[in-house]
Amino acid sequence: MKIREINAMRGPNYWSVRRHKLIVMVLDLEEMEERPSNTIDGFYERLTTMFPTMYEHRCSVGEPGGFFQRVEEGTWMGHIIEHIALEIQTLAGMDVGFGRTRGYGEEGVYSVVFAYMEESVGRYAAKAAVRICEALIEGEDYDMTDDIQKMRELREDDRLGPSTGSIVEEAEARGIPWIRLNKYSLCQLGYGANQKRIQATVTSETSSIGVELACDKEDTKYLLEQAEVEVPRGDIIRRERSLEEACDYVGFPLVIKPIDGNHGRGITVNIQSYEEALEAFRQAKESSRSGAIIVEKFIVGEDYRLLVINNKLVAAAKRTPAHVIGDGKSTVQELIDEVNKDPRRGYGHENVLTQITVNDLTKAIIKDAGYTLDSVIAKGERLILKDTANLSTGGTAEDVTDIVHPANVSMAERISKIIDLDICGIDIMTTDISQPLSETGGAVLEVNAGPGFRMHLAPTSGLPRNVAAPVIDKLFPQKGDTGRIPIVAITGTNGKTTTSRLMAHIAKMKGYRVGYTTSDGVYIQNRLLMKGDCTGPASAEFVLKDPTVNFAVLECARGGLLRAGLGFKKCDVGIVTNVAADHLGLKGIHTIEQLAKVKGVIPETVLPSGYAILNADDDLVYDMRRSVECNIALFSMDENNPRIKALQRLNGITAVYENGYVTICRGVWKMRIMRAENIPLTYGGKASFMIQNVLAAVLAAHVQGISIEDIKAALETFIPSASQTPGRLNLFEFKDFTILLDYAHNPAGMLALKKFTDELEATVKVGIIAGVGDRRDEDTNQVGSIAAEMFDEIIIRQDKRLRGRTEEELIKLLNDGIQMKDPNKKTTIIPSEREAITHAVRNAEKGSLIILCSDVIPDALELVKKFKEQDLKGEPFMA
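Residues numbered from 1 in each chain as written. Predicted model: local features only at pLDDT ≥ 70, side-chain atom pairs only at ≥ 80, totals over all residues. Heavy atoms only, no water.

1. Some points on unusual backbone geometry
Point 1. With an omega of -5 degrees, the peptide bond between phenylalanine 252 and proline 253 qualifies as cis.
Point 2. A positive phi angle is found at cysteine 59, which is not glycine, with a value near 55 degrees.
Point 3. Structurally, cysteine 59 can be placed in the loop between helix H1 (43-50) and helix H2 (66-73).
Point 4. Judged by its relative accessible area of 25%, cysteine 59 falls in the partly exposed class.
Point 5. The phi dihedral of asparagine 659 falls on the positive side, at around 50 degrees, and the residue is not glycine.
Point 6. Along the polypeptide, asparagine 659 turns up in the loop between strand S30 (653-658) and strand S31 (661-666). (Helix = DSSP H or I, 4+ residues; strand = E, 2+ residues; numbered from the N terminus. Buried < 20%, exposed > 50% of the residue type's maximum accessible area, 1.4 Å probe, protein only.)

2. Concerning a positive patch on the surface
Point 1. Among the surface-exposed residues, Arg19, Arg100, Arg102 and Lys597 lie close enough to one another that they form a single positively charged patch.
Point 2. With respect to the secondary-structure elements, arginine 19 resides in the loop between strand S1 (2-9) and strand S2 (22-28). (Patch = residues over 30% accessible without salt bridge, like charges linked within 9 Å, V, L, I, M, F, W, Y side chains within 5 Å. Areas by Shrake-Rupley, 256 points an atom, 1.4 Å probe, with all protein chains shown as cover. Salt bridge = Lys/Arg side-chain N within 4 Å of Asp/Glu carboxyl O. Lys, Arg positive; Asp, Glu negative; His and termini not counted. Charge placed at Lys NZ, Arg CZ, Asp CG, Glu CD.)

3. Considering the sheet that holds S2
Point 1. Taken in spatial order, the 4 strands make up an open sheet running S1-S2-S4-S3, and their pairing is antiparallel. If you trace the sheet from one side to the other, it starts and ends with S1 and strand S3 (99-103), each paired once. Here the strands of the sheet are splayed against their neighbours by 15 degrees on average, with no regard to which way each runs.
Point 2. As paired strands, S3 and strand S4 (residues 109-115) are joined by 5 bridges and run antiparallel to one another. Looking at S4, one finds that glycine 99 is bridged to phenylalanine 114.
Point 3. Where helix H3 (residues 77-91) meets the sheet, it contacts S2, S3 and S4, and its direction lies at approximately 20 degrees from that of S4.
Point 4. On the sheet, helix H4 (residues 119-138) packs against S1, S2 and S4 and is oriented at approximately 160 degrees with respect to S1. (Pairing = 2+ DSSP bridges. Axes fitted to C-alpha atoms, helices over the stretch in contact; angles between N-to-C directions. Contact = heavy atoms within 4.5 Å.)

4. Some words on the environment of arginine 46
Point 1. Along the chain, arginine 46 turns up in helix H1.
Point 2. Each C-alpha atom of the pair arginine 46 and glycine 139 lies 7.6 Å from the other, and the pair is 93 residues apart in sequence.
Point 3. Residue contacts for arginine 46: discarding those within four places in its chain leaves Ile40, Asp41, Leu136, Ile137 and Gly139.
Point 4. A polar side-chain atom of arginine 46 sits 2.8 Å from the main-chain carbonyl oxygen of leucine 136. (Polar contact = N/O pair within 3.5 Å; in protein donor to acceptor, adjacent residues only side chain to side chain.)

5. A few points about the packing of aromatic side chains
Point 1. A complete count under the given rule lists 10 aromatic pairs for this structure.
Point 2. Centroid distance tyrosine 516 to tyrosine 523: 4.8 Å. Interplanar angle 5 degrees. Geometry classified as stacked.
Point 3. Relative to phenylalanine 877, the ring of phenylalanine 867 lies with its centre 5.7 Å away and its plane at 75 degrees, an arrangement referred to as edge-to-face. Note that phenylalanine 867 is positioned in helix H30 (residues 857-873) and phenylalanine 877 in the segment after H30, a separation of 10 residues in sequence. Per residue, the accessibility class of phenylalanine 867 equals that of phenylalanine 877, and both read buried. (Phe/Tyr/Trp six-rings, centres within 6.5 Å; stacked < 30°, edge-to-face > 60°.)

6. Overview of the packing of helix H17 (residues 496-510) against helix H25 (residues 708-717)
To describe two helices that pack against each other, one gives the angle between their axes and the distance between the axes.
Point 1. Remark: H17 packs on H25, axes separated minimally by 9 Å, with the N-to-C direction vectors making an angle of 120 degrees. It follows from the interaxial angle that H17 and H25 lie oblique. With respect to the hand of their crossing, H17 and H25 are arranged in right-handed fashion. Across the interface between the two elements, Leu502, His505, Ile506, Met509 and Lys510 of H17 pack against Asp710, Ile711, Ala713, Ala714, Leu715 and Thr717 of H25.
Point 2. Residue composition of the contact of H17 with H25, by class: 7 nonpolar, 2 polar and 2 charged. (Parallel < 35°, antiparallel > 145°, perpendicular 65-115°, else oblique. Left-handed = near helix turned anticlockwise from the far one by under 90°. Nonpolar A, V, L, I, M, F, W, Y, C, P; charged D, E, K, R; others polar.)

7. Some words on the sheet that holds strand S11 (residues 268-271)
Strand pairing in a sheet is mediated by backbone hydrogen bonds. Such pairs are either parallel or antiparallel.
Point 1. Read across the sheet, 4 strands follow the order S9-S12-S10-S11 without closing on themselves; strand pairing throughout is antiparallel. The sheet is open, and its two edges are formed by strand S9 (234-237) and S11, each paired on a single side. Within this sheet the neighbouring strands show an average axis-to-axis angle of 20 degrees, counted without direction.
Point 2. In the sheet, S9 pairs with strand S12 (residues 293-297) via 4 bridges, with the strands oriented antiparallel. When the bridges of S12 are listed, glycine 234 appears paired with glutamate 296.
Point 3. Where helix H10 (residues 274-286) meets the sheet, it contacts S9, strand S10 (254-258), S11 and S12, and its direction lies at approximately 20 degrees from that of S10.

8. Some thoughts on the pairing of S4
Point 1. Counting buried positions along S4 gives 7 out of 7 residues, so the element sits mostly inside the fold.
Point 2. Side chains Val109, Ser111, Val113 and Ala115 project from S4 onto one buried face, and the interleaved Tyr110, Val112 and Phe114 project onto a second face that is buried too.
Point 3. Bridge analysis of S2 against S4 gives 7 bridges, and the strand direction is antiparallel. Counterpart to leucine 27 in the pairing with S4 is tyrosine 110.
Point 4. In this structure, the hairpin formed by S3 and S4 is closed by a connection of 5 residues, where glycine 105 is found at a positive phi of approximately 100 degrees.

9. Details of a negative patch on the surface
Point 1. Judged by side-chain charge, Glu275, Glu276, Glu279, Glu286 and Asp368 come together as a negatively charged surface patch.
Point 2. Element by element, the count of residues in the negative patch is highest for H10, at 4 residues.
Point 3. Relative to the elements of secondary structure, aspartate 368 occurs in helix H12 (residues 360-368).
Point 4. Here aspartate 368 falls in the exposed class, since its relative accessible area comes to 69%.

Shown next, in the form of structure tokens:
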């Protein structure tokens, strides 16, 4: 067995629009193709022994034991690997269940698709599943222990923490999109100019002054004292020689901690002597950045955390450090092991509670209590194992929100305003939280910026609190606000780049700050910020992350969809220009129907209130209406198209080319925008494929609420040129000849270009063509045949986009296509594009038209512009 590639889907994709987190592994079974599971001696027994819990896998049978039934009857190894990958993730604490195995279009090669929670775990599970399956086939022993632990560790390294994760989940539940901005906890909620950011429980609206104060315990304590809030008596020192005086001033028992510490680091409590204080001082020094150390009174009582969000108390918990209770016969280590058997305890943050680990600090605390790990403690005696009550070190939490005394509630809410924090955790020590601190002798110990939510989301006992909800309420106070910006997504075989640019231009003319992606690059407003083919999910996210953008136009190509899915989950408008045979034979897509399914992902992701804009003249595109859950709008070059008429009878929205006009219809009522011949992009109405692009763009603009007047103004100012539409019908008039530069690179594109150039007058038409290495032989042959009909002379060049082929192979395929159509066609082979263009320009006849079909637009444009300057100056053409 051989893994060809492993891809991770992160958004809507070819395999599932709703399940975004999918691993797609292309697996070559080689000789295993001939050996289904029921032909391998002992395979079924070994599989069921190794994975008894797989009995729950229903598979296509639809009932428990269904998968085992398929294995016993005989199924392919790709299918078995899919189920192993799912099961080992479940055994590692990540319960995933979606999987598919499908033929790749090549004999013995399969696409194995399965769900994941964390991408790194999914990729690891793919490789581990293949190793396990190979061991089962060979009858070899395989110990999964290391694999399971590795996946648990990968999950803890990569997953969002409980606090961040809860906020993200609450945002998702409200339809607010999100993007993870780094590998830690920095996340964006919403898109573009409407985004908010969180980092754990610090938000983009959190006061930086408030955070600074909370991190400086000296200033915090001073401000609280000035506000008559109960705080422990204390002192702040920086040198060891000041310690004794501070101890005398405060009085034992003491707490010593760094002034700028966090998460319990460097804190020592219940200090009873100067010697203990000295050791505690030194530990605090090691955890302090500033060197300032707090020495304060140790308050007797229970440890409480009060959580205040947007100046309102939303939760309170009593925290207890990790501990064991003696039974009079078990050692300390045995008691710890017994506590860790609690199914609620897990590795890191995977469960409600964290397992108690024994480290040097634990051993020191046990030693200070007069015990060792081998000691047996008395029945009922409680032995504290950690110096803080954090859940991450094995502590427990009990929800006490409903019993907090109103005076303490008022105090906590007041503190949040004093320190100026929108989200803060207030640590209190008191004997009874249901009584005012003034009566119990309790005190406020700390105010924390970025407090953890885990103890409130899933307390050990008591009522869980959805503390993420008030965070989202604070960030998005308007009811129904999802933080989105308008997104127009565009796909199709041909025309999507021009449609994207035109749509972006219309939105810009309306006053939007537009970010858009194309096969040429990513633009924010009119500035090109990324060059190259930027039609994948990473480019879409680039636009949606930009805080200046309030309107996104995203060109979405087949490659990115198959490699990683979309870079967004929902859009407002989804346009499909057309579907034609292109890129077939790649990434498991071998038929035009499969290609249509890939393109169909775009309209399937449109919001219910949005519009799928479909080409009514294309059968495959029109059929996409069956799988969408949104409104449908159609465009057509024929106003009498029965599909257009049917939608109009339902009072639907359409765009048609009628009587020379580009027209939008609501029901049967027409709103003529302007004559096509007056739209510069259509070259006087001659470029019919450009009229199609215009229809799609104006329809999208209309359903987005842009007025007819604004659309018309945008059409009049969108000039086909190297700056506005690079590589799309760029016409350069020289003194004696003309050059037309276009991106046509597939049969459908060439036919559309032919229809346009047939309308152009020229003494001779010279075509410069090239093949693309990852296309089928017949597609490249057809490009040559169409060229033979289009041009009087042909120059074949081939120095770019070889993609696994040789220059000679592609040149031969093009030449074969030319010979099939016209064996006598004048053909010149010049492999270098630069030399081919130079040859055509230097040998151009007066009145000739050179049609340059280029697939690397920037290089060709640069050279043609250079020749244009030389022509204006009367200089010889020099490349």
